[in-house]
Amino acid sequence: MFRMRALARPRTIAWSRVMTVGLVVVALACGWWSLQRGVAYARLALAYPAPLDGQEGMALWEAALLRTGQPLYQPVTPDRFVSAPYPPLHPLALAIFGGSTAPHVFWAGRVISLIAALLVAVAGGLLAREVTRSRLAGVAASVLILSFVPLQLWALRIKPDMLGLAFTVTGLWLVARWRDHDSPPGASGGRAFRRLGLSPGLIAGAFAFACAHFTKQTLLAGPMAAGTYLLLLNWRV
């Protein structure tokens, strides 16, 4: 009986791997057409010299205020109104990296959102790999994220959503990898943090979540999920 169980276990593992590969192939096949459509849309959106969203012009104006040394959050007066409904991190990124007007004024701001969307896919793939211990699952997760239509649309808008989401998913990945990768033996930096009762991975994750909050103040689901995970894992963390 024990011999039969020993023989059945490798077969189960083999079938599990075959099913994993099959699911990844299906995911890549289903996401390929959507990826092609997303690439085509990105080319059109980057070349479009007019607003794709009603807030794009306002976002660029807020960045221009910072670039000229003016405050972002100003008192409302009859002759001047600055909306500024979001925290300052996205306008600051636009002020630093989005000042170019070539080939048109909206191009640099959309590129920032597009890079943030790619970071979301990379961090999401790393998170899936960390949870499943499968590189194929990580690749499939990244492809499915990039083939998601709402992400393709928001990735070409000058808005804080993609940048904030990139920080959030990065924070989730850092928290997920903390247990196995944080403070390896012989790492002096890890020992120093340990003496202070701190964890480098968790500090980095907390910093990412803080950046997400200062990009868009409603991005609370990520840190709440991470906090719940840590409490269930080890309430003393």
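J.: Let's hear about the overall build of the chain: which residues, and what values?
T.: Assigned secondary structure in the chain consists of 11 helices and zero strands. Its helices and strands taken in sequence order, the chain reads α-α-α-α-α-α-α-α-α-α-α from the N to the C terminus. Burial analysis of the chain (237 residues in total) assigns 38% to the buried set. Taking the contacts inside the chain whose residues are at least 6 apart along the sequence as the reference set, 72% of them involve residues at least 24 apart. Of the roughly 14500 Å² that the chain leaves accessible, carbon and sulfur atoms contribute 70%.

J.: Break down a nonpolar patch on the surface for me, with residues and values.
T.: Side chains of V21, V25 and L136 sit close together on the surface and give an oily, nonpolar patch of about 230 Å² of accessible area. Along the chain, V25 falls in helix α1 (residues 2–47). You can call V25 partly exposed: its relative accessible area is 48%.

J.: Please give an account of the pattern of salt bridges that cites residues and values.
T.: Within this structure, the stated rule accounts for three salt bridges. As a salt-bridge pair, E56 and R110 come within 3.0 Å of each other at their nearest N and O atoms. Here the residue E56 occupies a position in helix α2 (residues 56–67), and R110 occupies one in helix α4 (residues 107–132), the gap between them amounting to 54 residues. As far as burial versus exposure is concerned, E56 and R110 are alike and both buried. Of the charged contacts, one joins K216 and D161 as a salt bridge, the two residues approaching to 2.6 Å between their closest N and O atoms. With a gap of 55 residues between them, K216 in the loop between α10 (200–213) and α11 (221–233) and D161 in helix α7 (residues 161–176) connect regions that are remote in the sequence. Per residue, the accessibility class of K216 equals that of D161, and both read buried.

J.: Which residues make up unusual backbone geometry, and what values do they have?
T.: Residues other than glycine seldom take positive phi values, yet A84 does so here, at roughly 45 degrees. Mapped onto the secondary structure, A84 falls in the loop between α2 and α3 (89–97). Although it is not a glycine, R133 adopts a positive phi angle of roughly 60 degrees. Inspection of the secondary structure assignment puts R133 in the loop between α4 and α5 (135–146).

J.: Lay out the packing of α4 against α5 in plain terms, naming residues and giving numbers.
T.: The interhelical angle for the contact between α4 and α5, taken along N-to-C directions, is 150 degrees, at an axis separation of 7 Å. As far as their axial angle goes, α5 and α4 are roughly antiparallel. Regarding α4 and α5, the two cross each other, and that crossing is right-handed. Contacts between α4 and α5 involve A117, L118, V120, A121, V122, G124, G125, A128, R129 and T132 from the first element and R135, A137, G138, A141, S142, I145 and L146 from the second. For the contact of α4 with α5, a count of residues per class yields 10 nonpolar, five polar and two charged.

J.: Tell me about α10, and name the residues and values.
T.: One turn of the α-helix equals 3.6 residues, which is why residues spaced by three or four share an orientation. For α10, with 14 residues, the first-to-last C-alpha span of 20 Å sits near the 20 Å given by 1.5 Å per residue. Residues G201, L202, G205, A208, F209, C211 and A212 constitute the buried set of α10.

J.: Would you mind going over α7 in detail, with residue names and values included?
T.: Taking 1.5 Å as the rise per residue, α7 with 16 residues should run 22 Å; its terminal C-alpha atoms sit 22 Å apart, in good agreement. Buried residues dominate α7, accounting for 12 of its 16 residues.

J.: Lay out the packing of α7 against α10 in plain terms, naming residues and giving numbers.
T.: Axes are the key here: two packed helices are described by the angle between their axes and the distance separating the axes. Contact geometry of α7 with α10 gives a least axis separation of 8 Å together with a crossing angle of 165 degrees. Considering the angle they form, α7 stands roughly antiparallel to α10. The element α7 and its partner α10 pack so that their crossing is left-handed. Residues G164, F167, T168, G171, L172, L174 and V175 of α7 lie in contact with α10, whose contacting residues are G201, L202, A204, G205, A208, F209, C211 and A212. Per-class residue counts for the contact of α7 with α10 are 10 nonpolar, five polar and no charged.

J.: Account for the confidence of the model for the chain, naming residues and giving values.
T.: Residue-level pLDDT values for the chain average 84, and 83% of them are 70 or greater. Across the chain, element-level confidence peaks in α7 with a mean pLDDT of 96 and bottoms out in helix α9 (residues 188–195) with 50. Contacts of residues 183–189 to residues separated by more than four positions or lying in other chains number four contacts, the stretch itself having pLDDT below 50.

About the cut-offs
Residues numbered from 1 in each chain as written. Predicted model: local features only at pLDDT ≥ 70, side-chain atom pairs only at ≥ 80, totals over all residues. Heavy atoms only, no water. Helix = DSSP H or I, 4+ residues; strand = E, 2+ residues; numbered from the N terminus. Buried < 20%, exposed > 50% of the residue type's maximum accessible area, 1.4 Å probe, protein only. Contact = heavy atoms within 4.5 Å. Areas by Shrake-Rupley, 256 points an atom, 1.4 Å probe, with all protein chains shown as cover. Patch = residues over 30% accessible without salt bridge, like charges linked within 9 Å, V, L, I, M, F, W, Y side chains within 5 Å. Salt bridge = Lys/Arg side-chain N within 4 Å of Asp/Glu carboxyl O. Axes fitted to C-alpha atoms, helices over the stretch in contact; angles between N-to-C directions. Parallel < 35°, antiparallel > 145°, perpendicular 65-115°, else oblique. Left-handed = near helix turned anticlockwise from the far one by under 90°. Nonpolar A, V, L, I, M, F, W, Y, C, P; charged D, E, K, R; others polar. Expected span 1.5 Å × (residues − 1). pLDDT = per-residue confidence, 0-100.

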